[in-house]
Amino acid sequence: MTPSQFTRDLLESALNDPDFNWQDRQDFEFAARGLIHRPDDPAIFDRNGDTVWHHEAFEAFLHGDAPDTVHPSLWRHALLNNFRGLFKVTDRVYQVRGESLGNVTFVEGDRGYIVVDPLTTVETAAYALQLLFDHVGARPIVAMIYSHTHSDHFGGVKGMISEEDVKSGDVRVIASEGFTEWVVKEQGMAAEGMPSRNDYMYGENLEVSPVGIVDTGLGQMIEGGEVTFIEPTDIIGKDGGRMSVDGVEIEFMFAPGEAPTGMHCYFPQFKTLHVADNCYMCLHNVYTIRGAFPRDAMQWSDSIARSLLFEDTEFLISGHNWPVFGKAEIQQFLGEQRDGVKYMHDQTLRLMSHGYVPAEIADAIRFPPSLARLWHLRGYYGSIKHNVRGIYAYYLGWYDGNPANLDSLPPRDLARRTLDYMGGTDAVLERAQADYEAGQYRWVAHILDQVIWADPGNLRARALAAAAHTQMGYAAENATWRNAYLSAANELREGIPTGEKNHRVLRDVFKGMSPVLLMNSLSIRLNGPKAAGHAFTINWKIAGTEEACHSELTNAVLISSAGTDADAGLTITLPRLLLSEFALGQIGVGALSGPDVSMEGDLNLLAELASLLDTFPAWFPIATHDLKKGEIGT
Ligand SMILES: [Zn+2]
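Bear in mind the structure is a predicted one, so any value in this text is a computation, not a measurement.

A. Focus on the environment of Phe252. With respect to the secondary-structure elements, Phe252 resides in strand S12 (residues 248–254). As a C-alpha pair, Phe252 and His274 span 22 residues in sequence and 9.7 Å in three-dimensional space.

B. Geometry of helix H20 (residues 515–522). Of all 8 residues in H20, 6 are buried, a share of seventy percent or more. Among all positions in H20, only Pro515, Leu518, Met519, Asn520, Ser521 and Leu522 are buried.

C. Layout of the pairing of strand S7 (residues 113–116). Judged by which residues are buried, S7 turns out to be covered on both faces: Tyr113 and Val115 on one side and Ile114 and Val116 on the other are all buried. Sheet topology places strand S6 (residues 104–108) next to S7; 4 bridges connect them, and they run antiparallel. Looking at the pairing, Val107 lines up with Ile114 of S7. Hairpin connection between S6 and S7: a loop of 4 residues separates the two successive antiparallel strands. For S7 and strand S8 (residues 141–145), the ladder comprises 4 bridges, and the chain directions are parallel. From the neighbouring strand, Val115 faces S8, where its bridge partner is Met144. Note that the unit made of S7, helix H5 (residues 122–135) and S8 has a crossover that is right-handed.

D. Molecular detail of the domain arrangement of the protein. Annotation of the protein at the domain level lists domain 1 (24–333), domain 2 (350–401), domain 3 (408–494) and domain 4 (507–611). Relative placement of domain 1 and domain 4: their C-alpha centres are 37 Å apart. Listed by partner, the interface residues are 8 residues for domain 1 and 7 residues for domain 4. Looking at the side of domain 1 that touches domain 4 residue by residue, the classes come out as 5 nonpolar, 2 polar and 1 charged.

Here is what the cut-offs are and how they apply
- Residues numbered from 1 in each chain as written.
- Predicted model: local features only at pLDDT ≥ 70, side-chain atom pairs only at ≥ 80, totals over all residues.
- Helix = DSSP H or I, 4+ residues; strand = E, 2+ residues; numbered from the N terminus.
- Buried ≥ 20, exposed ≤ 12 C-beta atoms within 10 Å, placed from the backbone.
- Pairing = 2+ DSSP bridges.
- Right-handed = clockwise from strand over helix to strand, strands pointing away.
- Domains from an automatic or database assignment.
- Contact = placed C-beta atoms within 7 Å.
- Nonpolar A, V, L, I, M, F, W, Y, C, P; charged D, E, K, R; others polar.

See below:
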């Protein structure tokens, strides 16, 4: 679809906006500095030959001036994220950038390499390591550091090292206190509810093109492939610490912010500071629109402030985007990043304390000109609007304090009644069409959402809503907002995708978990209303180990506790992998068989449990509001 005149005017006006210093080209110099090799192959593939990472698709269009379907500020950022390949940051410090959503850093020791953040999937990790080996030299990996708990910083680990390397003591795996626990907390339990939202934010179903995905802020997109996990062997406590690994001195700083257990690493010999994802070349994401609990903005600002104490730093690198070079430049950059997150925090609390509610605060807060004109605080990933709502929610939760909103009607009912008061669907559609033609896209998207809630089959409403979302997508400076708007437009036009998808459930993380944790992840699939009146206990024993738990169904909840229960009606002994696949819903009870599995007791209990479990859909509607599987009242 083509951009409207309103959209074109808006993008045009950005070119003359004093917030944007188009003459400032320092980022282009920093992004290009130290390039050793830029691969010219078309893509990175998995073992089946499927593309996990595009090269050609982005390069086909990412050059020259912004087209009239992309905000010029986002376009500039997308050009910068397209500087990719193997880079030398300084002597003995290398990065592969732009070959994954994230960056991997290699620090050369006496004998081998220390890796910081092995990317998202084994395919891109192995590719990055090969680039290093081919162009700098093949040497063993002696240590692996995870800067924080998000899968784009550990998921590729098995593309670089194996469990055996770690068990044998050849490789240390270093992370901060609470690492594994927070991996599960942040991404484990919500793993089934997040993927469709994740796809919206990262534009995973959009075509790579000027009318589709052009960037995600942190990088070009999330790569496909296999996410893996290896537990840390060395834990850095909240007081930080120093370590010497293979002749390399490392100072660790506990740095909660973008992740609750983030960790910065300073390499004094190389005057290089790695700041995890607490600073990157776009605005912080205090709340992430894929869904997560809001981050602690106050702590985040403090973590950046404490990083200023590494005042000899001459090379600042992070988990995404490009480095900052130069002592003075780094001090200035860190101070501005600190101030950006602190400004959002303090101003949200100021307005909250006057009684403003989230939607008002989101519309009111702007950066002062001194921060607004900084490219590295532009909202390509975080946005002020969604961050300040997150900050409000961090302190006060979802409720705005207004009893009119304490027990609001569910959206379908609310929409039907509202439209009835407004004179019905046709009357609303007529006015919405006129407002669309007047360029009122934000309002039109809102009111048509009501129509679609009330009448999901209304194709006229869907088409007009898709058009409004498309125009907002083209006009968005924020990459994740653009992706979300364009994904909504796709869903409104074509419905939700069909077929299988890779949910990137963190199977490898759960594989090593205790039986209790595994069964706790199963309990969210128990259908409460169906389970009412059922009661039994099943013991789960991991074959060849002493590990066991028992799950008791009572009051329509499944309570799992360590150890076995002598009164359990059924005891199942099975391999850990089978238990984890069952707990994560990858296999049904029918697959709990074979020579490795033994059962004692009332076998019917397993079938009874299975009959009470929900299967989650690969995709669920977000913009179309079709009836959901299991929707109340259907
Ligand atoms: Zn990241």
